[in-house]
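Next come the chains, spelled out residue by residue.
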Amino acid sequence: MISRLKGTDDILPPESHRWRRLLRAFDDLAQRYGYDLAVMPAIESTELFSRAVGETTDVVEKQMYTFEDRGGRSVTLRPEFTAGMVRAYIDSGAQGIVKLAAAGPQFRYEQPQKGRRRQFYQVDLEYLGEAAPGADAEVIEFSYRLLEMVGVDGIGLRLNSIGDASDRIAYRGLLQDYLRRHQSDLSEDSRRRIDSNPLRVLDSKADAEVVGDAPVPFDHLGAEAADHFSEVRSALDTLGIPFELDPRLVRGLDYYNRTVFEFYSSSFEAAQSSLGGGGRYDPLAELIGSRQAVPAVGVAMGCDRIVEAMAAVEVRRLNIYVVVADRDRTSDALRWVADLRGRGLKVDWDASTARSVKSQFKAANRSGADVVSIVGAEWSAGMVSMKVLGTGEESKVPVEEVEEWMKQR
RNA sequence: GUGGCCGUAGCUCAGCUUGGUUAGAGCGCCGGGUUGUGAUCCCGGAUGUCGGGGGUUCAAAUCCCCUCGGUCACCCCA
């Protein structure tokens, strides 16, 4: 028997019922907020990610599924959505505002643990071509509503601003000085990052103590970034979205500027408890070689983790299970099942048309159907027997009145 | 990449310390009790390369070594 690859999952019922609810809620909300669907490649040129995400990030350094294709090109299974979405925006020749929603698998080669798989799923929103803080607030609000809508308890939102690149030139020096002074107390990884990517040290759990007194970007915002951030916060206040400021939240990818945020749930007990995150990434387009600037902000939510944090979903799968009690009526039953399905009812039957009535009833019970409808001798009088599985009560109903009878229940 | 714990029936697990009849239980599945009635109840049935390989032994699910997988955690992220 060949088994699954490490870190991949088969998502089957009953768990998949929660996935269906999440994906439908996402699709529904995206339309309400004016986001169009984007269906994106799962594979891109390696360079896209190394340039956009950043050479010195963990994702690029050690987590990418990268290989050479048969034409000798270096390709990578996408580790995230944003870079590809911006590439698509530029490739399409789009200008101005484009709001896109996407969903699908991402790939990162890591040791799996609770809430972290090698193939995982995200729903993603990108507000492209808009520099105003209202866009930041909108994607954050959207994410909050989505979590609310699917029943996640204890939703928390951490928020910060890391300012613009120009703000960080001076700040970076201050931070490096501080880190060098405490070099002996830092982990090996963090020491290495003092020169390559000092901001990321702020995020290090291992060095939380040292980092606690380090200078933070929030105290070194330029006037424009500071205004932008205060408008984001005031919009969130207006919308009634609660948040907490976290001056050490920087996020692991290089393309962010200004607003960064992360959602979590206090009900999701795992070391990897972040349900989603995102931020503004005005520099990204130019990182991947665009001549035009594309100010933008986006969010990616981890489906696997959200589903873990969701309440169980009770699903009645079917309205009617049709039992064929008289095999001579099989083709009548087949036509009728098709007819009911055509009317929008959720209907199933035993397609083998060969099993005993008893086993058809067992299957009906397992299917979660509300009602069993029996096609047998009464069919010749234009009737079927309708048995309500919950109560056991049974009555004969004219075939053409079944749809109405179901509505009356 | 590193560390802890765990791999026995479809699922959850007992048995392993102290090696010894045909390796068990519950749930699920299938059939019967009901010639057209599930869920409940009663009766019966099927299913195991005891994760894989090697070693010790008269004898290994049980002891030893290696290996693969799962899980949780570290690093970091969704």
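Quick note: structure is the one above.
Just so it is clear, the model here is predicted, and its values are computed rather than measured.

What counts and how
- Residues numbered from 1 in each chain as written.
- Chains lettered and ligands numbered in written order.
- Predicted model: local features only at pLDDT ≥ 70, side-chain atom pairs only at ≥ 80, totals over all residues.
- Heavy atoms only, no water.
- 1 Å grid on protein atoms, 1.4 Å probe; cavity = no way out; pocket = protein on both sides within 12 Å on 5 of 7 lines; lining within 4 Å.
- Points joined across faces, edges and corners; volume = space filled by probe spheres on them.
- Helix = DSSP H or I, 4+ residues; strand = E, 2+ residues; numbered from the N terminus.
- Nonpolar A, V, L, I, M, F, W, Y, C, P; charged D, E, K, R; others polar.
- Core = buried A, V, L, I, M, F, W, Y, C linked by side-chain atoms within 4.5 Å.
- Buried < 20%, exposed > 50% of the residue type's maximum accessible area, 1.4 Å probe, protein only.
- Contact = heavy atoms within 4.5 Å.
- Axes fitted to C-alpha atoms, helices over the stretch in contact; angles between N-to-C directions.
- Parallel < 35°, antiparallel > 145°, perpendicular 65-115°, else oblique.
- Left-handed = near helix turned anticlockwise from the far one by under 90°.
- Pairing = 2+ DSSP bridges.
- Patch = residues over 30% accessible without salt bridge, like charges linked within 9 Å, V, L, I, M, F, W, Y side chains within 5 Å.
- Areas by Shrake-Rupley, 256 points an atom, 1.4 Å probe, with all protein chains shown as cover.
- Salt bridge = Lys/Arg side-chain N within 4 Å of Asp/Glu carboxyl O.
- Lys, Arg positive; Asp, Glu negative; His and termini not counted.
- Charge placed at Lys NZ, Arg CZ, Asp CG, Glu CD.

1. With respect to the layout of surface pockets
Taken as a whole, the second largest pocket encloses approximately 450 Å³ of empty space. As for the second largest pocket, its lining consists of 23 residues, of which R168, R172, N197, L199 and D254 are closest to the centre. Top contributing element to the lining of the second largest pocket by residue count: helix α6 (residues 165-181), with 6 residues. Split by residue class, the lining of the second largest pocket holds 12 nonpolar, 5 polar and 6 charged.

2. Brief notes about the nonpolar core
In terms of nonpolar packing, the biggest core is built from 43 residues, with L202 and Y255 touching the most fellow members. Those elements giving two or more residues to this core turn out to be α2 (46-52), α3 (58-62), α4 (82-91), β5 (98-107), α6, α8 (208-211) and α10 (284-287). Beyond its immediate stretch of four places on either side in the chain, Y255 contacts A52, V53, E80, T82, R280, Y281, P283, L284 and L287. In terms of nonpolar packing, the next biggest core, distinct from the first, is built from 42 residues, A30, I140, V297 and A309 among them.

3. Considerations on the packing of α6 against helix α7 (residues 188-196)
In the contact formed by α6 and α7, the axes pass within 10 Å of each other and the chain directions differ by 150 degrees. When the axis of α6 is compared with that of α7, the two are roughly antiparallel. Seen along the crossing, α6 lies across α7 with a hand that is left-handed. Counted together, R172, Q176, L179 and R180 of α6 and I194, D195 and S196 of α7 form the full contact between these two elements. Tallied by class, the residues present in the contact of α6 with α7 amount to 2 nonpolar, 2 polar and 3 charged.

4. Considering the sheet that holds strand β6 (residues 119-128)
Across the sheet, 8 strands lie side by side as β1-β5-β6-β11-β10-β9-β7-β8; this open sheet has mixed pairing. Of all strands in the sheet, those bounded by a partner on one side alone are β1 (36-37) and β8 (244-245). As judged from the 7 bridges shared by β6 and strand β11 (residues 296-302), these two strands associate in the antiparallel manner. By the bridge assignment for β11, L128 is matched with A296. Lying over the sheet, helix α1 (residues 15-32) contacts β5 and β6, oriented at roughly 10 degrees with respect to β6. Here α4 sits on the sheet in contact with β5 and β6, set at roughly 40 degrees to β6.

5. Some details on a positive patch on the surface
Together, R20, R24, R317 and K346 line one region of the surface with positive charge. Relative to the assigned elements, R20 resides in helix α1. Judged by its relative accessible area of 52%, R20 is exposed.

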